[in-house]
Amino acid sequence: MDIIFSIALIIFNIYCFFLVGIESPAPTLTELGAAFWPRIVISLMLILLVINVINQLKIRKEKVNHEKINIVGFLKSKLFIGMLLVSIMALSTPYIGFITSCFGFLVTYAILLGERNIPKVVLNSLIITFILYIIFQGLLDIRLERGIGVFRNLALFLEGILLNIKRGL
């Protein structure tokens, strides 16, 4: 079943690779273009999917052992809860902005993984959030979600600070 799913994902990723190129505006001489990073991510996914198919075929040749799937155990696992956290972050980001959703996700995920030193978790999450914000918003000029209301005001305030820093350099 894993092999079939991986092959389906390979086919879908190949389709997406060409779709991104067709739908994106052409790059200029000084810019990479809108299709550059999505194509890099898709290419990496394709490589990993091909490796997964090869590994699954090797395992299948070595032994044919059918494992029972424990759905209840999976639904209670940290992996599933982490997947829910990522989904919640993705759905809440347009409303509460990147900064708030990233910070909340990092704090919650660290606690989920067993970190009990709350001041350390909050400080590390804050530092990581601002590093990501500076990299994407400041250096790469990728506009991150601002959110609405007070979250938008916070994002605009930080963008103003980044803009002043860029102008000073």
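Residues numbered from 1 in each chain as written. Predicted model: local features only at pLDDT ≥ 70, side-chain atom pairs only at ≥ 80, totals over all residues. Heavy atoms only, no water.

1. Looking at the packing of aromatic side chains
Argument step 1. For the structure on display, the rule yields 4 aromatic pairs.
Argument step 2. With centroids separated by 5.1 Å and ring planes inclined at 80°, the aromatic side chains of Phe36 and Trp37 adopt a geometry described as edge-to-face.
Argument step 3. Among the residues examined, Trp37 registers a relative accessible area of 47% and is labelled partly exposed.
Argument step 4. Between Phe105 and Tyr109, the ring centres sit 5.4 Å apart and the planes meet at 20°, which makes this aromatic pair stacked. With Phe105 and Tyr109 both in helix 4 (residues 78-112), this residue pair falls 4 residues apart, about one helical turn.
Argument step 5. Classification of Phe105 as buried rests on a relative accessible area of 18%.
Argument step 6. Here the guanidinium or amino end of Arg39 rests over the ring plane of Phe17, the centre of that ring lying 4.5 Å away. (Phe/Tyr/Trp six-rings, centres within 6.5 Å; stacked < 30°, edge-to-face > 60°. Buried < 20%, exposed > 50% of the residue type's maximum accessible area, 1.4 Å probe, protein only. Helix = DSSP H or I, 4+ residues; strand = E, 2+ residues; numbered from the N terminus. Lys NZ or Arg CZ within 6 Å of the ring centre and 35° of its normal.)

2. Some details on a nonpolar patch on the surface
Argument step 1. Residues Leu123, Ile127, Ile131, Ile134, Ile135, Phe136, Leu139, Leu140 and Ile142 make up a contiguous nonpolar surface patch of roughly 780 Å² in combined accessible area.
Argument step 2. When you line up the elements, Phe136 lands in helix 5 (residues 118-139).
Argument step 3. Its relative accessible area of 31% is what places Phe136 among the partly exposed residues. (Patch = residues over 30% accessible without salt bridge, like charges linked within 9 Å, V, L, I, M, F, W, Y side chains within 5 Å. Areas by Shrake-Rupley, 256 points an atom, 1.4 Å probe, with all protein chains shown as cover. Salt bridge = Lys/Arg side-chain N within 4 Å of Asp/Glu carboxyl O.)

3. A look at the environment of Phe151
Argument step 1. Take Phe151: it is sitting in helix 6 (residues 150-168).
Argument step 2. Considering only alpha carbons, one finds Phe151 and Thr100, 51 residues apart in sequence, at a separation of 7.5 Å.
Argument step 3. Among all residues touching Phe151, those that are not within four sequence positions of it are Tyr95, Ile96, Thr100 and Arg146. (Contact = heavy atoms within 4.5 Å.)

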